[in-house]
Amino acid sequence: MKKLFTLIIAFLLASPVMAGEIRRLGEDYRSKAMGNTGIVTATSATALFYNPATLSNIFTWWIDTPMMELTYSDDSKDLYDTAKSGGFNLETQQDQFDFMDTYIGKNPYIKFTTGTNAVVNISARGLSIAGNYTYEAVLDIKVRNPSMPEISTFMRLDHVRQYGISIPIGIGQWVLGATYKTIERNELDFTYGMADALEGSDFPTLASDGASGIGSGYDLGFLYRQNSASRLMFGGVYRKGIELGDATPIPEEYALGIGMVQQFGIFRWIGALDFRDLSYKGASDGDKSINRRTHWGSELGIFPLSKSRSWISIRNGFSQGNYSTGAEISFWRVFVIGGTRYIEETGEYAGQNPSNRTVLYFSFGF
Amino acid sequence: MNKAIQKIVTLFMALTLVLTSLSSCKDTSATHQAGLLETCMTYSDQKKWSDAVTACALIDTDDGKHLTAQAYMGLAGLSLFDVISGLSTVDDPMTLILDKIPATTGKAKNYHNALQIIMDDITVKTNTMYLEALLLSSMLVYKELSTLFELKVKNGAVTNCASSGSLEDCSFTFTVTKTAGYASGLVFDGLGADFYDAICQDRDSAISIAASTALTHTITNTITSLSQSQSVSYDMTVDSCTIRDGSPMAYNKLAGEGISGFDDLADSLSQLKIYDEIDQGVNFTQSVDDLTDDISICNTGYITPPVSGDGIINDCEILGYLNPPAN
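Once a new chain begins, its residue numbering starts again from 1 and follows that chain's sequence as written. Going through the entries in the order they are written, you letter the chains from A and number the ligands from 1. Note on the predicted model: pLDDT of at least 70 is required for a residue's local features to be given, and 80 or more for side-chain atom pairs to be given and counted; whole-chain, interface and lining totals, by contrast, use all residues.

### What about the overall build of chain A?
Applied cut-off: Strands are runs of DSSP state E lasting at least two residues, helices are runs of H or I lasting at least four, and both sets are numbered from the N terminus onward. For this measure, only C-alpha atoms enter the radius of gyration; the expected value for a globule follows 2.2 Å times N^0.38, where N is the number of residues. Comment: burial labels come from other C-beta atoms within 10 Å of the residue's own C-beta, placed from the backbone, where a count of 20 or more is buried, 12 or fewer is exposed, and between is partly exposed.
Along chain A, the regular secondary structure elements total 7 helices and 16 strands. In terms of C-alpha radius of gyration, chain A reaches 21 Å, essentially the compact-globule figure of 21 Å for 366 residues. Once the C-alpha set of chain A is aligned to its principal axes, its extents read approximately 70 × 35 × 35 Å. Taken over 366 residues, chain A has a buried fraction of 52%.

Okay, here's the thing in structure tokens:
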């Protein structure tokens, strides 16, 4: 892990995607395992990222500190091996050629998220408040075009501070939610080709070529909860676009979701279906694919610990046409460990350019 | 009311799940420009060159055209990455260049397709594109030169049929006819129209100049070793071509003029600028055993000697490139 960090830092300091992947903040291991759903089924501080109204799904209070999550693509194993064997540099032309030769056609991706979450339920009707501080670092490299290789590098460091509240209306069948967030972003997005290497162009660095910005915005959401045994839910969220100076802005987004919760003895099943990016601003111009915006998944909880957490959880789902699965063991809030295997769509339509990824999560809390 | 909503939502979820399951939630093709570009790039990454050519051709931008050109190169088995990284490190670029010349007509056609797209279709050309064009065009010319001159790599050095200093090992050598031991005639049939068709794309209007005349030479009798002045008849055919737009030579000229930078490739670039190397107006001269003075195929008054940079190439110039006269 330490060497992996060293590698990321090496890219930041010494040297160093791309359209296709719809990048959002705060997509966690649980949501990813459930096909990147959460508009009505988020049950943790992730609600602040998905739909603040779903804070009403929480019926207790806790603090996660620290929360740590590592996401990596299968191709990043090569980066790890390189790091283990002493790392690499991209200073000379030959170094750059060697790197292109080794990684051509590969997509090493590493994301590290850490932070602190605090969630407090005030009223069983759905009045909850939450806040979190999240630090998210992404390194996404693609070496493409075997004819004249290009290293496309996307690197982003985000600091997110956000606060949210869910407010029940009446008995709590309808819930409104709001999040206010401040995001500080540093990023570097470039393509360095073989021609650049031949012409002796400097390899871009975050320090000299990066973009940065800070901005604030809000999310507004609602949730309807059916007062029945099946506990059907539907909800939606509006995410205001946030300008971030020179860095890539966060696009405006509308999303809708439906879901249900079924309880069978020691089992609890949650089903979810979300339609996200209905504003069509998260992807490339002209991308109107509904499959790209369809997410569905389920969670089977065994031995429920509370209304929002089970001792063991098994999950699966489909996101943008790609299958996902995951599991979690939860020792109340004291220690949570989870893992997810999912496929991220990095192409321009559902099923075009899948990237196999793994998420490892653990948190301590109380 | 609640039951009605519950039924509607349940029905909607079930219907959506069935539909998305049936369709696997996947799309089958791109519907927007970025999607078309991604399809093209994905095929390229996978080295599915034939599919890449088809996919990239749908993108009507310079980027798309460039990728189409690169896909044609891939289809021909040419890895620019190997060539260029090799050129920047090897001491003898000619060995590498000869190793990459297209081996078949089909591959040469793909080289030419790529060249045509880069030089004719792309609106704004980058330095890299000029480098690619220079490589492709020079290799197409080297392909013909290689066939004609039997270029070979031996022990790291490039040899040709005239490496010994004369053309006698070449298929197009001079023929000396003799009468009573004295040279009485010189015959040269030319390099052939096919060569010029390929490099100048002058297939329909290949210019062939034939001259039959007699010049006086000092001749030494090979039997008696006595010398005397004697008229020697010439029967020379000189093929030539005017470089046409769209030909490898024309592209090579334009790419050579357009390229700049690439200091690390300076040695290699001079070898790739094959037009500059050939159209230098060097007139070929050849010594013939029986004749005291060297002979030139192109003689003023009979066959016009080559002129530097005139866009016309003939046998005298080609042979002069192959076996330049000693200073």
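### Here we look at the overall build of chain B
The criterion, for reference: Any pair of residues counts as being in contact when their C-beta atoms, constructed from backbone geometry, are within 7 Å of one another.
Counting its secondary structure elements, chain B contains 13 helices and 9 strands. Taking all 327 residues of chain B together, the buried fraction comes to 40%. Relative to all contacts within chain B whose residues are 6 or more apart in sequence, the contacts with residues 24 or more apart total 64%.

### Notes on the packing of helix α7 (residues 105–121) of chain B against helix α8 (residues 127–149) of chain B
All names here are of chain B. Keep this limit in mind: Orientation is described by axes fitted as lines to C-alpha atoms, over the contacting stretch for helices, and by angles from 0 to 180 degrees between their N-to-C directions. Left-handed describes a crossing whose near helix is turned anticlockwise from the far helix through less than a right angle; right-handed describes the clockwise counterpart. Under the scheme applied, nonpolar residues are Ala, Val, Leu, Ile, Met, Phe, Trp, Tyr, Cys and Pro; charged residues are Asp, Glu, Lys and Arg; polar residues are all the others, including Gly.
Look at α7 against α8: their axes get within 9 Å of each other, and the N-to-C directions meet at 145°. Remark: the crossing between α7 and α8 carries left-handed chirality. Facing Ala108, Tyr111, His112, Ala114, Leu115, Ile118 and Met119 of α7, the residues of α8 in contact are Met129, Glu132, Ala133, Leu136, Ser137, Met139, Leu140 and Lys143. Of the residues in the contact of α7 with α8, the class split is 11 nonpolar, 2 polar and 2 charged.

### Looking at the pairing of strand β12 (residues 294–304) of chain A
Residues and elements named next belong to chain A. Basically, it comes down to this: When DSSP finds two or more bridges between a pair of strands, those strands are recorded as paired.
Both strand β11 (residues 267–275) and β12 contribute to a ladder of 9 bridges, which runs antiparallel. Paired with Leu273 across the strands is Trp296, a residue of β12. One ladder, built from 9 bridges, connects β12 with strand β13 (residues 310–319); its direction is antiparallel. Paired with His295 across the two strands is Ser319, which belongs to β13. Counted between consecutive antiparallel strands, the loop separating β12 from β13 contains 5 residues.

### Regarding unusual backbone geometry
Excluding glycine, a negative phi dihedral is what most residues carry, and trans is how most peptide bonds are arranged. Along the chain, A:Thr65 connects to A:Pro66 via a cis peptide bond; the corresponding omega equals 0°. By the element assignment, A:Pro66 lies in strand β1 (residues 61–73). The phi angle at A:Gln320 is positive, at roughly 55°, despite the residue not being glycine. When you line up the elements, A:Gln320 lands in the loop between β13 and β14 (322–331). The phi angle at B:Lys47 is positive, at roughly 60°, despite the residue not being glycine. By secondary structure assignment, the location of B:Lys47 is in the loop between α2 (33–45) and α3 (49–56). Exposure remark for B:Lys47: the 16 C-beta atoms within 10 Å place this residue in the partly exposed category.

### Brief notes about the interface of chain B and chain A
The partner chain A presents 41 residues to the 41 residues of chain B that form the contact. At the level of elements, α1 (2–23), α2, α4 (62–75), α5 (80–87) and α8 of chain B are the ones that each hand at least two residues to the side of chain B that touches chain A. In terms of residues, the side of chain B that touches chain A owes the most to one element, α1(B), which gives 10 residues.

### Some words on the confidence of the model for chain A
All names here are of chain A. Just so we agree on the cut-off: Within a predicted model, pLDDT stands for the predictor's per-residue confidence, ranging from 0 to 100.
Across chain A, the average pLDDT comes to 88, with 94% of residues at or above 70. Per-element confidence in chain A ranges from a low mean pLDDT of 42 for helix α1 (residues 2–13) to a high of 97 for strand β8 (residues 242–244). Confidence over residues 1–18 falls short of pLDDT 50; this stretch has 37 contacts with residues more than four positions distant or in other chains.

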